[in-house]
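# Breakdown of the fold
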Amino acid sequence: MKPDLFEAPDYYSMDDLLNEEHKLVRDTARAWVKRAVSPIIEDYAQRAEFPKEILHGLAEIGAFGPTIPENYGGAGLDNISYGLIMQEIERGDSGVRSTASVQSSLVMYPIWAYGSEEQKQKYLPKLATGELMGCFGLTEPNHGSNPGGMTTHFKDAGDHYVLNGAKMWISNAPFADIAVVWAKNEAGRIKGLIVERGDPGFSTPETHNKWSLRASATGELIFDNVKVPKENLLPGKDGLGAPLGCLDSARYGIAWGAIGAAMDCYDTALRYAKEREQFGKPIAATQLQQKKLAEMITEITKAQLLALRLGQLKNEGKATSAQISMAKRNNVEMALEVARNARQMLGGMGITGEYSIMRHMMNLESVVTYEGTHDIHLLITGLDITGHQAFS
Ligand code: TGC
Ligand code: FAD
């Protein structure tokens, strides 16, 4: 892969809107990605292997629990810093950002928001350092966009629960030490349970043959009469709103992360277009390639403004789920479009692993599907503005 020459586009001087802490956090993550992710990620993606060697570095830049309070091992940062970290990591690779998103928003967040004090003390500090890694089991083979229909269930067996069922498409599952699992109790109410690797009857087979997120490990969670200690039930919240509340946090991070992937594609295409000559002049001097570049930077800039405003609203506790859906949907689609156009601008070279663009493009096909598909987020906006739900 070519050396990482990334220069971040900032067409509307967004830096002026960030405080010193935001810039420090962002620059630390940016430097780490250049040093630790860019040189190795293409090889790992080609081999379809997760680079475990980066876990320590992810913890060091505050990517595990950026907004979790420091007394539980988190970084105690605001939501804009969290978003900027996700942007920088996804600039390197969406699969690496996935690992950070899952650990922070889908494992640490529910334990922090819905867990008992004992659960917080036991798990959060170790999750923040990466000593423990987690995954989040909501999706099932027959229930993806409609998680409320889940069939994974547990029964009260006196001093413990017995859990049965299966989850599918679970990021980090093959190596996670713990899983936050959403399942129905005997009354049909959705609850969160912490299941630990090694519990008899619990297995995590890996999902192979992915053309997307190849540097992220994806798997199933199989529960065959797994005994779960009663103290592993998350007591703070139940119902579908509990897992969906975690998704709000992860979707917010993705709205920022996708910008990182788009910035990397744009920056690569711009540099290539200035250097690559055809018909006796740089392709950057042709109207058609300028159109692509001008539209890319326009869309990236709009997405940056959307994410920053959403971050401000989130910091004020005012961001709604529907606003988060709009940003996730818009920014991921934007990044996919940028990646597709940037890929074309590199001609044949665009399909090789010499450049990051094709990897970003394929990764983004997962990002536009997980955490709620493009269509589902449109329906969430539709419901919000009309008051009519059109899911079923
Ligand atoms: P609905 O009746 O609308 O809602 C049920 C209850 O949930 C509440 N609620 C929310 N609460 C918090 N945050 C949100 N975003 C919420 N959305 C809804 C709602 O108020 C209600 O509460 P209550 O108290 O009245 O019961 O539910 P529905 O069954 O009609 O479904 C709505 C729908 C389709 C929007 C929802 O199911 C949905 O978002 N589906 C998409 C599923 C999804 O996003 N799955 C993601 C799995 S995790 C993942 O992909 C991780 S990838 C990670 C990575 O690698 O980065
Ligand atoms: P389906 O729900 O079957 O949807 C298929 C198509 O139908 C989509 O285009 C969808 O938009 C459309 N559709 C569905 N309902 C409607 C409707 N009412 N109206 C119109 N169109 C509709 N899940 C987790 O729980 N944890 C994870 O860590 C996790 N990681 C993932 C990692 C990867 C790489 C991938 C690909 C997925 C991951 N997921 C995870 C699962 C992800 O959230 C689901 O794939 C996603 O929610 C969509 O569900 P589905 O794949 O079953 O598609």
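Per-chain numbering applies: the sequence of each chain, read as written, is numbered from 1 onward. All chains are assigned letters beginning with A, and all ligands numbers beginning with 1, in the order in which they are written. Reporting in this predicted model follows two pLDDT cut-offs: at least 70 for local features of residues, and 80 or more for side-chain atom pairs to be given and counted; totals over whole chains, interfaces and linings ignore these cut-offs and use all residues. The basis for every side-chain value is the complete set of heavy atoms in the structure, and neither hydrogens nor water enter the calculation.

### Brief notes about the site of ligand 1
Around ligand 1, a shell composed of 25 residues is seen, among which Ser171, Asp248, Arg251, Glu371 and Gly372 lie nearest. Arg97 is positioned with one of its side-chain polar atoms (N or O) 3.3 Å from an oxygen atom of ligand 1. Note that an oxygen atom of ligand 1 is positioned 2.8 Å from one of the side-chain N or O atoms of Ser171. Reported accessibility uses the Shrake-Rupley method at a 1.4 Å probe radius. Residues are deemed covered only where the shown protein chains occlude them. In isolation ligand 1 offers 1100 Å² of accessible surface; the protein chains occlude 68% of this area. To qualify as a helix, a DSSP run of H or I must reach at least 4 residues; to qualify as a strand, a run of E must reach at least 2; elements of each kind are numbered from the N terminus. If you tally residues by element for the shell around ligand 1, the top one is helix H6 (residues 241-275), at six residues. In this classification, the charged set is Asp, Glu, Lys and Arg, the nonpolar set is Ala, Val, Leu, Ile, Met, Phe, Trp, Tyr, Cys and Pro, and all remaining amino acids, among them Gly, are polar. Of the residues belonging to the shell around ligand 1, the class tally is 11 nonpolar, 10 polar and four charged. Whether a residue is near a molecule or strand depends on its heavy atoms: if one lies within 4 Å, it is near. The definition of a polar contact used here is a pair of N or O atoms within 3.5 Å, where within protein one atom must be able to donate a hydrogen and the other to accept one, and adjacent residues in sequence count solely through side-chain atom pairs.

### Topic: the packing of helix H8 (residues 321-345) against helix H10 (residues 374-386)
Relative placement of two packed helices is described by the angle separating their axes and the distance separating the axes. Here H8 crosses H10 at 145 degrees, and the two axes come no closer than 9 Å. Both H8 and H10 take part in a crossing whose hand is left-handed. For the pair H8 and H10, contact is made by Ala322, Ser325, Met326, Lys328, Arg329 and Glu333 and by His374, His377, Leu378, Ile380, Thr381 and Asp384, respectively. As a rule, the C-alpha atoms of each element are fitted with a line to give its axis, helices using only the stretch in contact, and angles between N-to-C directions run from 0 to 180 degrees. Crossing handedness follows the turn of the near helix against the far one: under a right angle anticlockwise gives a left-handed crossing, and clockwise gives a right-handed one. For this analysis, residues touch if any pair of their heavy atoms sits within 4.5 Å.

### What about the pattern of salt bridges?
Definition used for salt bridges: Asp or Glu carboxyl oxygen within 4 Å of a side-chain nitrogen of Lys or Arg. Throughout the structure, instances matching the rule amount to 21 salt bridges. Between Glu140 and Lys167 there is a salt bridge; the shortest N-O distance is 3.0 Å. On the criterion of sequence distance, the pair formed by Glu140 in the loop between strand S1 (134-137) and strand S2 (153-156) and Lys167 in strand S3 (residues 160-171) is long-range, its members being 27 residues apart. Exposure class is identical for Glu140 and Lys167. Each is buried. Glu365 is the partner of Arg340 in a salt bridge, and the nearest nitrogen-oxygen pair spans 2.8 Å. Classification of residues uses two cut-offs on accessible area relative to the type maximum, computed with a 1.4 Å probe and protein chains only: under 20% is buried, over 50% is exposed, and between them is partly exposed.

### Concerning the domain arrangement of the chain
Domain limits in this description derive from either an automatic procedure or a database domain assignment. When the domains of the chain are assigned, the result is domain 1 (14-129), domain 2 (134-232) and domain 3 (241-386). Centre-to-centre, using C-alpha coordinates, domain 1 lies 20 Å away from domain 3. Taken together, the contact pairs 29 residues of domain 1 with 34 residues of domain 3. Buried surface at the junction of domain 1 and domain 3, summed over both partners, amounts to about 2500 Å²; 60% is from carbon and sulfur atoms. In terms of surface lost to domain 3, no three residues of domain 1 exceed Met14, Asn79 and Gln87, which account for 22% of the buried area on that side. The interface formed by domain 1 and domain 3 contains three salt bridges. For the pair domain 1 and domain 3, the interface holds 14 residue pairs in polar contact (both at pLDDT 80 or more). Within the residue set of the side of domain 1 that touches domain 3, elements represented by two or more residues are helix H1 (20-47), helix H3 (79-92) and helix H4 (94-114). Looking at which element gives the most residues to the side of domain 1 that touches domain 3, the answer is H3, with 11 residues. A breakdown of the residues in the side of domain 1 that touches domain 3 according to their chemical character gives 13 nonpolar, nine polar and seven charged. The term buried area means the drop in 1.4 Å probe accessible area that two parts suffer when joined, counted for both and summed.

### Some remarks on the pairing of S3
Criterion used throughout: strands pair if DSSP finds at least two bridges between them. Examined bridge by bridge, S2 and S3 share four bridges and lie antiparallel to one another. When the sheet's bridge partners are listed, His153 is paired in S3 with Asn164. In textbook terms, the turn of a hairpin is the stretch between consecutive antiparallel strands, and for S2 and S3 this stretch comprises three residues, one of which, Gly158, has a positive phi near 85 degrees. The pairing of S3 with strand S7 (residues 218-229) spans nine bridges and is classified as antiparallel. Bridge pairing in S7 places Gly165 opposite Phe223.

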